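# Chain and residue survey
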Amino acid sequence: MIDNSKGGARMHCQTATVKDTEQLGFQLGSFLRHFAKPLCVALVGDLGTGKTHFSQGVARGFGVTDEVTSPTFALMNTYETVAGTLYHFDVYRLEDEYELENIGFSEFTEDTLSLVEWADKFPEALPLEVLWITLTAEANGSRHSVWQTAELTEEELLAIGGQYVFRD
């Protein structure tokens, strides 16, 4: 759901392996540990593009020590850490925005830190503070991600992306 008309900071990253994708997520999670504002990390991508591996990295970087799994059937996992609470959603199985109301989606994404896999299914239900990350699988097995947000500066994004920042 990258919308070029809204402006904001934008970054491209490239990861060669699953471990790299998890590490890039870890770098974001480490940053979010000290980020004192609400943010919804909205993950977009087809099956197999690395959304769950990326989410696992974010959770680890944020300080989650429990097992991190995609909440495909549970819809939401909650992780408590020293840094705060992380809400992790997977809305793949939902068909209607009304179903989000039934699970209190807005209560867990407004003014909090949340990860939402398949976020493009219900973009209007997301809070205003969003970091969109679109993941694409490349033919060689690598993953390309495009990050866009009005909540972070380009400098902050580049610091998070580190060695994975892709420059043309």
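These notes cover the structure that comes with them. (Residues numbered from 1 in each chain as written. Predicted model: local features only at pLDDT ≥ 70, side-chain atom pairs only at ≥ 80, totals over all residues. Heavy atoms only, no water.)

Along the chain, S55 turns up in helix α2 (residues 51-62). On the basis of relative accessible area, S55 is assigned to the buried category, the value being 0%. With sequence-adjacent residues up to four places away left out, S55 is seen in contact with L43, V68, H88, L115 and E117. (Helix = DSSP H or I, 4+ residues; strand = E, 2+ residues; numbered from the N terminus. Buried < 20%, exposed > 50% of the residue type's maximum accessible area, 1.4 Å probe, protein only. Contact = heavy atoms within 4.5 Å.)

Its identity as a non-glycine residue notwithstanding, D111 has a phi of 60 degrees, on the positive side. Here D111 shows up in the loop between α4 (105-109) and β5 (113-117). Owing to a relative accessible area of 62%, D111 belongs among the exposed residues under this scheme.

The next thing to look at is helix α5 (residues 154-161). Residues spaced three or four apart along an α-helix face the same direction, because each turn holds 3.6 residues. Within α5, the full set of buried residues consists of L157, I160 and G161. Angularly, the buried residues of α5 cover 95 degrees about the axis, an arc narrow enough to put them on a single face. Of the exposed residues in α5, the ones pointing more than 90 degrees away from its buried face are E155 and A159. Those residues of α5 hidden inside the fold are in contact with β1 (9-15), α1 (18-32), β6 (130-137) and β7 (143-149). (Arc of directions from axis to C-beta.)

Fair warning: the whole summary comes from geometry, so function is off the table for now.
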